[in-house]
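# Structure assessment
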Amino acid sequence: MAVDVLLGLQWGDEGKGKIVDVLSAGYDLIARFQGGPNAGHTLEFDGKKFVLNTIPSGIFFENTMNLIGNGVVIDPITLKKEIDKLKAAGHDLLAKKNLMIAKRAHLILPTHQLLDAASEKKMGEGKIGSTLKGIGPTYMDKTGRNGLRIGDITLPDFKERYQKLTDKHVSMLKALYGEVDDFSEREKAFFEAIELINQFELVDSEHVVNKYLRKGKKVLAEGAQGTMLDIDFGSYPFVTSSNTTTAGACTGLGVAPNKIGEVIGIFKAYCTRVGSGPFPTELDNETGEELRQTGHEFGATTGRPRRTGWIDLPALKFAIMLNGVTQLVMTKADILSGFDKIYACTHYNYLGEKIDYMPYDICSADAVPVLKEIDGWHEDLTGITEVSQIPAKLKAYIEYLEAELGVPVKYLSVGPDRVQTLILH
Ligand code: GDP
Ligand code: IMO
Ligand code: MG
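Residues numbered from 1 in each chain as written. Chains lettered and ligands numbered in written order. Predicted model: local features only at pLDDT ≥ 70, side-chain atom pairs only at ≥ 80, totals over all residues. Heavy atoms only, no water.

By the naming in an unreviewed UniProt entry, the protein chain goes by Adenylosuccinate synthetase and is assigned to Mucilaginibacter gotjawali. Checking UniProt for the protein chain, the heading Sequence similarities (unreviewed entry) contains the comment "Belongs to the adenylosuccinate synthetase family." (UniProt positions renumbered as here; feature names shortened; annotations may be inferred.)

Below, the structure is given as structure tokens:
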């Protein structure tokens, strides 16, 4: 057996949570492989809505196990809030024993968040527009070989280790930014949350996943963020701090590259981006506002308005290449209903040339989109349940994308609910 991977092909928020939930019934294990509570994955079913930050989106299926992998950075406070909220909604994860946490996953400390906030404040206009969840500083400590890991919470000297790292952060904050906000309340909450986390099964994710495969069980790796936010291949420095691509699933779970099966790439029928950084097809106008309002494009984690734009084919082709995508999922097709014309960026005008790929630097030189006009459709899609009900113009849009991208669109999502999903192939 191989691990299938599901990940975002744009700038995040493509609808990963919803689609993982839809697919979960067919998997034995859902494993998050990178990122942390910068993610907000929304699921809707039976009139209920959940936003998950750290917990994998397979959590609502009785027979599906869930794993927070070693590549994830965990904020215990956020994780406890998620666990508590789910319990209040009738999903007691401790009782159900359906969540495992990798010992090798790194911990986000209260001071990591202070460092994130101070760094962003200092950068002013040039800030990354991070989610302020402490992601960058935590991955910096991981690669700087200073970090604390989930497995450390069981050690008798965990508190001393915590104190040592926190003291270092406080010195850095004082030296670099001259001030340190009071974090005593968060520290208290941190240790309360650690106690709860300690009650879960803390595992070696690499052994767990490979054991599932050896037993012939089905595993789905759930990505966070999107390919265009990848630390290596996104629009650096306006990126997140992990590898959001398929390769990240290998390192983030302990799976060898030859054990990767299907790679399911998700994209919206248009584009969004939250935070700073280049966004070639951005619509900073009334149409962009219409997409934002109709698509409810406000961050699931931070509530920030998302920037909106037309679909970007050079960026999607780049993402498909990097990830080895074998199946596509298009979400939010319903949001485009009502436009007479929609547009797809086919190329960029970049430094005097027409190119159809994502260049090294789109931060200091603009990639100006070349747009193709496409006929829109007016039918409401949110109630359709059969492929035969798909409007001809939408069908033509999908066929055009498949021809351009060279990968089939296997699933079409026409609303936020689990049931609003069509299998096309
Ligand atoms: P994720 O981070 O990739 O899981 O995506 P988010 O949850 O941050 O954002 C996607 C948003 O779109 C959520 O509010 C979803 O409920 C919603 N959504 C997902 N698929 C569809 C769809 O096909 N149509 C509509 N209208 N909403 C969708
Ligand atoms: P999901 O999994 C959209 C963006 C932030 C910022 C940049 C760096 O829900 O798709 P960070 O806090 O990671 O240091 O911020 O990345 N970002 C996301 N944008 N969806 C996400 O996650 C994101 N996670 C981080 O807005 O631009
Ligand atoms: Mg999201």
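We are not done yet, so read on.
Turning next to the site of ligand 2. As a matter of local geometry, ligand 2 sits amid 21 residues, with D13, K16, H41, T131 and T240 nearest to it. Contacts to ligand 2 include K16, whose side-chain N or O atom sits 2.7 Å from an oxygen atom. A distance of 3.4 Å is found between an oxygen atom of ligand 2 and a backbone nitrogen or oxygen belonging to G129. Of the residues in the shell around ligand 2, the class split is eight nonpolar, 10 polar and three charged. (Near = heavy atom within 4 Å. Polar contact = N/O pair within 3.5 Å; in protein donor to acceptor, adjacent residues only side chain to side chain. Nonpolar A, V, L, I, M, F, W, Y, C, P; charged D, E, K, R; others polar.)

Scanning the entire structure with this criterion turns up 19 salt bridges. Here R418 ties to D21 by a salt bridge, and the two come within 2.7 Å at their closest N and O atoms. Residue R418 is located in the loop between β19 (409-413) and β20 (421-423), and its partner D21 is located in helix α1 (residues 16-24); the two are separated by 397 residues in the primary sequence. Overall, the relative accessible area of 23% leaves R418 in the partly exposed class. When its relative accessible area of 1% is taken as the criterion, D21 is described as buried. Note that E297 is salt-bridged to R306, the shortest N-O span being 2.7 Å. (Salt bridge = Lys/Arg side-chain N within 4 Å of Asp/Glu carboxyl O. Helix = DSSP H or I, 4+ residues; strand = E, 2+ residues; numbered from the N terminus. Buried < 20%, exposed > 50% of the residue type's maximum accessible area, 1.4 Å probe, protein only.)

Attention now moves to the pairing of strand β4 (residues 48-52). As judged from the five bridges shared by strand β3 (residues 41-45) and β4, these two strands associate in the antiparallel manner. Paired with F45 across the two strands is K48, which belongs to β4. Counting the residues between successive antiparallel strands, the hairpin from β3 to β4 contains two residues, one of them, D46, with a positive phi of roughly 50 degrees. (Pairing = 2+ DSSP bridges.)

With 59 residues, the main nonpolar core has M330, L336, L394 and Y397 as its most contacted residues. The element contributing the most residues to this core is helix α12 (residues 392-405), with six residues. Counting contributing residues, this core receives three or more from each of domain 1 (3-105 + 201-264) and domain 3 (267-423). Formed by 40 residues, the second largest nonpolar core is a distinct cluster that contains I55, I74, I77 and L165. (Core = buried A, V, L, I, M, F, W, Y, C linked by side-chain atoms within 4.5 Å. Domains from an automatic or database assignment.)

The feature "binding site: substrate" (unreviewed entry), as annotated in UniProt, sits at A300, T301, T302, G303, R304, P305 and R306 in this numbering. Following the sequence through the fold, G303 ends up in the loop between α10 (286-294) and β13 (307-309). When its relative accessible area of 42% is taken as the criterion, G303 is described as partly exposed. Summarising the element assignment, R304 is placed in the loop between α10 and β13. A relative accessible area of 24% places R304 in the partly exposed class.

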